[in-house]
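A look at the structure
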Amino acid sequence: MGAVTNGIKGAFRVGQTLSVLGRTGLNWVRGDRPPTPKLLRQTFENLGATYIKLGQFIASSPTFFPKEYVEEFQYCLDKTPSLPFGVIKRIIREELGRPIDQVYSEIDPVALASASIAQVHAAKLVTGEDVVIKVQKPGVENILLTDLNFLYLSARILETLAPKLSWTSLSGIVEEIQQTMMEECDFIKEANNLKVFREFLLNTHNDDATVPRVYEQCSTRRILTMERFYGVPLTDLDSIRGFSKDPERTLITAMNTWFASLTQCEFFHADVHAGNLMVLKDGRVGFIDFGIVGRIRPDTWQAVSDFISAIMVGNFDGMADAMIRIGVTRRTVRVDELSADLQRLYRQMDRMVPDDVPYEMGQAEDDVNNILMDMVKVGESHGLHFPREFALLLKQFLYFDRYVHILAPEMDVFMDERLTMLH
Ligand SMILES: Nc1ncnc2c1ncn2[C@@H]1O[C@H](COP(=O)(O)OP(=O)(O)OP(=O)(O)O)[C@@H](O)[C@H]1O
């Protein structure tokens, strides 16, 4: 019975997707010309959850995709109309397995926020605490599963945008997005992440940052009840001034906490966009939404650090050796061959950048991206793949870079001694 319903739902989803694509003109899917950035963004928004995440991935990967798409996809919003309160109440009731009023004394029928996977309602527990309930929308997991049919299509879209990437790594990227989203559908995992991060703050004696306390007795796979935070998103400079005398200091606390988690927590928060960092009324920084986290093993960190040192001194064997330790492969990669290819890449670059040409603003950033991109390609030609954790890390660096521009434009992140983890 279950399989049959899934089959029907799957077919329906396929039809739905095709009809959205049909409205925007299917030709580009067959490969002629990529659609304009705006059209592609709107198409993704219409297609919902999976494609929105794909769009956000494009927005956060300037290394891989053309500038005009990266810029347009900054506006790829995950805001969907909220479901009627009746539906939400039914889900909460089902998940609790007992009458709602035995657990909550009130629930605000108007949602605080609504995105493709979940919607959030403010509530009060019968024991008096202010909480929020994050409720998973019905059928979300199913949509994601049936969208798996579109792995090929999504990879095909990315291929037209980023012809430099190999088919294997494109399919890998899409598969990983899917996997991350499936994980986001399990709130027990998210509750556990919140608890682990709380312990990390406790162990590192960090009183300047906090995460919502989880109420386990009323949290399940599909509903998550947690402490309610009162505050404003970190990027809302005017409102922050109301809570914190020194917004720059607040940003530094957020960044230090996040950087410390890279090495002292078993995972890092991999989605710290504007709405997920709050400045609370008492001035502390609140981290919310631990649906997406990244994990990097200690030996991989060591390899990253060795890689950077090798670049600094121009040691190609060292770079090759570190790259092999960072990457994932089923083949045996030869250090000497990879090293020779990296050296060739460097020689080419030397020839490409004549010293007497004046450097333009922004060019340095583009160059770094291109060099990284070329190195990834060299690695790939030897059968190496780089774990998705690196895309997630890079994304966070870009977010922080943006926050620094907004909140502390004068700050030099490489020199400022208050930033403990970069020194
Ligand atoms: N503990 C909390 N206290 C107060 N508000 C909260 C809390 N948790 C979530 N919210 C509100 O609900 C919004 C959505 O929550 P959350 O980010 O966890 O959900 P999401 O569906 O993963 O959304 P997104 O994709 O935008 O990150 C937040 O931006 C915030 O406004």
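Residues numbered from 1 in each chain as written. Predicted model: local features only at pLDDT ≥ 70, side-chain atom pairs only at ≥ 80, totals over all residues. Heavy atoms only, no water.

The name recorded for the protein in an unreviewed UniProt entry is Kinase, from Marinobacter nauticus.

Some details on the overall build of the protein
Secondary structure summary: the protein contains 16 helices and 11 strands in total. Within the protein, contacts between residues at least 6 apart in sequence are counted, and of these 65% link residues at least 24 apart. Carbon and sulfur atoms form 55% of the exposed surface of the protein, whose accessible area is close to 21,800 Å². (Helix = DSSP H or I, 4+ residues; strand = E, 2+ residues; numbered from the N terminus. Contact = heavy atoms within 4.5 Å. Areas by Shrake-Rupley, 256 points an atom, 1.4 Å probe, with all protein chains shown as cover.)

Things to note about the site of the ligand
Taken together, 16 residues lie around the ligand, and Lys-134, Glu-227, Phe-229, Asn-276 and Asp-289 are the ones closest in. In this structure, Phe-229 approaches the ligand through a main-chain N or O atom, which is 2.8 Å from a nitrogen atom. In the model, an oxygen atom of the ligand is placed 2.6 Å from a nitrogen or oxygen of the Asp-289 side chain. Isolated, the ligand exposes 600 Å² of accessible area, and the fraction of that covered by the protein chains is 84%. Residue assignment for the shell around the ligand shows that the elements contributing at least two residues are β4 (130–136) and β6 (223–227). (Near = heavy atom within 4 Å. Polar contact = N/O pair within 3.5 Å; in protein donor to acceptor, adjacent residues only side chain to side chain.)

Observations concerning the environment of Pro-212
Considering the arrangement of structural elements, one finds Pro-212 in the loop between β5 (209–210) and β6. Overall, Pro-212 belongs to the buried group, its relative accessible area being 2%. Residues Pro-212 and Ala-49, 163 residues apart in the sequence, show an inter-C-alpha distance of 25 Å. Among residues more than four places away in sequence, those in contact with Pro-212 are Leu-194, Arg-198, Met-226, Glu-227, Phe-229, Phe-287 and Ile-288. (Buried < 20%, exposed > 50% of the residue type's maximum accessible area, 1.4 Å probe, protein only.)

Structural notes on the sheet that holds β5
Strand order in the open sheet made by the four strands is β5-β10-β9-β7, with mixed pairing throughout. Two strands lie at the open edges of the sheet, namely β5 and β7 (231–233), each paired on one side alone. (Pairing = 2+ DSSP bridges.)

Looking at a nonpolar patch on the surface
A cluster of nonpolar side chains, Ile-308, Met-312 and Val-313, forms an exposed patch at the surface whose accessible area comes to about 360 Å². Along the chain, Met-312 turns up in helix α12 (residues 298–313). (Patch = residues over 30% accessible without salt bridge, like charges linked within 9 Å, V, L, I, M, F, W, Y side chains within 5 Å. Salt bridge = Lys/Arg side-chain N within 4 Å of Asp/Glu carboxyl O.)

Description of the packing of helix α9 (residues 187–203) against helix α11 (residues 247–264)
Look at α9 against α11: their axes get within 11 Å of each other, and the N-to-C directions meet at 100°. Considering the angle they form, α9 stands roughly perpendicular to α11. In contact with Phe-197, Phe-200 and Leu-201 of α9, α11 contributes Thr-257, Ala-260, Ser-261 and Gln-264. Class assignment for the residues of the contact of α9 with α11 results in four nonpolar, three polar and no charged. (Axes fitted to C-alpha atoms, helices over the stretch in contact; angles between N-to-C directions. Parallel < 35°, antiparallel > 145°, perpendicular 65-115°, else oblique. Nonpolar A, V, L, I, M, F, W, Y, C, P; charged D, E, K, R; others polar.)

A few points about helix α5 (residues 85–96)
Here α5 is 12 residues long and its end C-alpha atoms lie 16 Å apart, about the 16 Å a rise of 1.5 Å per residue gives. Burial in α5 covers these residues: Ile-88, Ile-91, Ile-92 and Leu-96. Projected down its long axis, α5 shows its buried positions confined to an angular sector of 125°, all on one face. The inward-facing, buried residues of α5 contact β1 (104–107), β3 (118–125), β4 and β6. Where α5 terminates, the next one or two residues include Gly-97, which has phi positive at roughly 75°. (Expected span 1.5 Å × (residues − 1). Arc of directions from axis to C-beta.)

Digging into the environment of Ile-91
Mapping Ile-91 onto the fold places it in helix α5. Under the relative-accessibility criterion, Ile-91 is labelled buried at 0%. Beyond its immediate chain neighbours, meaning those up to four positions away, Ile-91 contacts Val-135, Gln-136, Pro-138, Arg-222 and Ile-223.

Focus on the nonpolar core
Core analysis: the largest hydrophobic core is formed by 81 residues, its most contacted members being Phe-197, Trp-258, Leu-277 and Phe-287. Looking at this core element by element, the count peaks at eight residues for α11. Leaving out residues up to four positions away in the same chain, Trp-258 has contacts with Phe-268, His-269, Val-272, Phe-287, Leu-393, Gln-396, Phe-397 and Phe-400. Within the second largest apolar cluster, 17 residues are counted, among which are Met-319, Ala-322, Val-333 and Leu-342. (Core = buried A, V, L, I, M, F, W, Y, C linked by side-chain atoms within 4.5 Å.)

Considering the packing of helix α2 (residues 37–47) against helix α3 (residues 49–59)
Two elements in contact, α2 and α3, have axes whose closest approach is 6 Å; the angle formed by their N-to-C orientations is 145°. In this structure, α2 contributes Phe-44, Glu-45 and Leu-47 to the contact, and α3 contributes Ala-49, Tyr-51, Ile-52, Leu-54, Gly-55 and Ile-58. Residues that form the contact of α2 with α3 fall into these classes: seven nonpolar, one polar and one charged.

Remarks on α12
For α12, which comprises 16 residues, the first-to-last C-alpha distance of 23 Å matches the rise-based estimate of 22 Å (1.5 Å per residue) to within 8%. Along α12, the residues classified as buried are Thr-300, Ala-303, Val-304, Phe-307 and Ala-310. The arc that holds every buried residue of α12, seen down its axis, measures 125°, which confines them to one face. Facing away from the buried side of α12 by over 90 degrees, the exposed positions are Pro-298, Met-312 and Val-313. Downstream of α12 by one or two residues, Gly-314 has phi in the positive range, about 65°.

Details of the side chain of His-121
Counting through the fold element by element, His-121 comes out in strand β3. There is a polar contact of 2.8 Å between the side chain of His-121 and the backbone oxygen of Asp-108. Apart from residues lying up to four places away in sequence, His-121 is in contact with Phe-85, Ile-88, Ile-107, Asp-108, Pro-109, Val-110, Ala-111, Leu-112, Val-131, Val-132 and Ile-133.

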